[in-house]
Amino acid sequence: IALTFNSKMAASSTTRNGDHGLTLYHFDSSFFSTKVRLALAVKGLSYRKHDVFHAGEENFEPWFMRLNPLGEVPVLVHGGKVIYDSTRIIDYLDTVFHDKGPRLAPPDDTDLGRRVRHFRDLLDDLPVEWYTYGSFYYPELANDSLIPGILRRKARHALTPSTVQRLRDLAGAHPDLAEAYLAKADKVEQRIRDRENRLQIEKVIDDLWVTLDEVEKELEERKKEEEATGQQQWLCGESFTAADIMLSCLLFRLKSVGLAHRSTQKRPLLDAYYLQATDFAPFKAEMVPI
């Protein structure tokens, strides 16, 4: 996709460790932005950062909607190409920069590649946003949240009917973006309804524990391999892969919103895995509290 930059885009960009011709549009505490920043760090890739201020709804501004019609971060720009969706961005980085750092998604025709694909798909399907706003709207579901109460209260008012109306007004003001704005308005309206559905929030959180039980069983296999070889293991093997990016970011998010006590309870290997991740230099560098 061809892209023409304007001065507004360039003005708030900052460079990280040189330049591989990459620009990342992100928001520090965005879960999906965190995934991409961690992938960039693991691959050792330099890039320019452009902060998109979610609290000020900058992601709804016309310049950004033209960049990503979904109005969501992260967005990666490389050589005139625009890639959005964190999973697609990570795959793009792993393919284009296959000679930089470790392979995040090994070939599917290998045992490691098949394991990575399985757990990556399993974890990517989790509705992470439900855990976040579920803990904001129903704090009794969480315990020891790292997010100050005043910020949780502000977050409960982040998306309102006035947001929906603003998006519809923008659709009228920008005919070339009308379809994108109206689709975004519908999505925000659905999000407002979802966050009021406590039973559904509790169900998706309960479903999460089933998924983490499967992860715990896989970590039992890694523990056996570590005992046999003496080599440190991650979720799928000795290397930190795309599956680990998703799992480590997920555990960090659960800890941030106060669900860690339920995610690691009766899952000692998952708890040990998270402690190992917190000692991993790229993880320490990129994890930003909500």
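(A) Fine view of the packing of aromatic side chains. All told, the structure shown has ten aromatic pairs when counted by the stated rule. Between Phe252 and Phe283, the aromatic rings sit 6.1 Å apart at their centres with planes inclined by 85°, giving edge-to-face as the arrangement. Of the two residues, Phe252 is situated in helix 11 (residues 242-257) and Phe283 in helix 14 (residues 281-286); the sequence distance between them amounts to 31 residues. Classification of Phe283 by relative accessible area gives buried; the value is 3%. Chaining the aromatic ring pairs together yields one cluster made of Trp234, Phe240, Tyr273 and Phe280. Taking the ring centre of Tyr84 as reference, the NZ or CZ of Arg88 above it sits at 5.9 Å.

(B) Expanded view of the side chain of Gln276. Counting through the fold element by element, Gln276 comes out in helix 13 (residues 268-278). In contact with Gln276, other than residues within four places in its own chain, are Gln232, Gln233 and Trp234.

(C) Summary view of helix 13. Within helix 13, the full set of buried residues consists of Leu270, Tyr273, Tyr274, Gln276 and Ala277. The buried residues of helix 13 occupy an angular sector of 160° when projected down its axis, which confines them to one face. Seen from the open side of helix 13, the exposed residues pointing more than 90 degrees away from its buried face are Pro268 and Leu275. If you follow the buried residues of helix 13, they end up packed against helix 10 (198-229), helix 11, helix 12 (260-263) and helix 14.

(D) Inspection of empty space enclosed by the protein at higher detail. The tally for this structure, following the rule as stated, stands at one cavity of 30 Å³ or more. The computed volume of the largest cavity comes to approximately 60 Å³. Elements represented by at least two residues in the lining of the largest cavity include exactly helix 2 (31-43) and helix 11. Among the elements that line the lining of the largest cavity, the one with the most residues is helix 11, at four residues. For the lining of the largest cavity, the per-class residue count stands at six nonpolar, three polar and one charged.

(E) Quick look at the pairing of strand 4 (residues 75-78). Along strand 4, one buried face is formed by Val75 and Val77 and the opposite face, lined by Leu76 and His78, is buried too. Both strand 2 (residues 22-26) and strand 4 contribute to a ladder of four bridges, which runs antiparallel. When the sheet's bridge partners are listed, Thr23 is paired in strand 4 with Val77. Judged from the four bridges that link them, strand 4 and strand 5 (residues 81-84) form a sheet pairing that is antiparallel. Looking across to strand 5, one finds that Leu76 is bridged to Ile83.

(F) A look at the pattern of salt bridges. Inspection of every chain in the model, using the stated rule, returns 23 salt bridges. Where Asp186 meets Arg168, a salt bridge forms, and the shortest distance between an N and an O atom there is 3.6 Å. Of the two residues, Asp186 sits in helix 9 (residues 178-194) while Arg168 sits in helix 8 (residues 161-173), which places them 18 residues apart along the sequence. Judged by its relative accessible area of 33%, Arg168 is partly exposed. A salt bridge links Asp213 to Arg267, with the shortest nitrogen-to-oxygen separation between them at 2.9 Å. Placement of Asp213 in helix 10 and of Arg267 in the loop between helix 12 and helix 13 is noted, with a sequence separation of 54 residues between them. Here Arg267 falls in the buried class, since its relative accessible area comes to 6%. What you see here is one network of salt bridges that share partners, running through Lys43, Asp94 and Arg103.

(G) Fine view of the environment of Leu208. Among the structural elements, Leu208 can be located in helix 10. Its relative accessible area of 0% is what places Leu208 among the buried residues. Remark: the alpha-carbon pair of Leu208 and Ala285, spanning 77 residues in sequence, is separated by 27 Å.

Conventions we followed
Residues numbered from 1 in each chain as written. Predicted model: local features only at pLDDT ≥ 70, side-chain atom pairs only at ≥ 80, totals over all residues. Heavy atoms only, no water. Phe/Tyr/Trp six-rings, centres within 6.5 Å; stacked < 30°, edge-to-face > 60°. Helix = DSSP H or I, 4+ residues; strand = E, 2+ residues; numbered from the N terminus. Buried < 20%, exposed > 50% of the residue type's maximum accessible area, 1.4 Å probe, protein only. Lys NZ or Arg CZ within 6 Å of the ring centre and 35° of its normal. Contact = heavy atoms within 4.5 Å. Arc of directions from axis to C-beta. 1 Å grid on protein atoms, 1.4 Å probe; cavity = no way out; pocket = protein on both sides within 12 Å on 5 of 7 lines; lining within 4 Å. Points joined across faces, edges and corners; volume = space filled by probe spheres on them. Nonpolar A, V, L, I, M, F, W, Y, C, P; charged D, E, K, R; others polar. Pairing = 2+ DSSP bridges. Salt bridge = Lys/Arg side-chain N within 4 Å of Asp/Glu carboxyl O.

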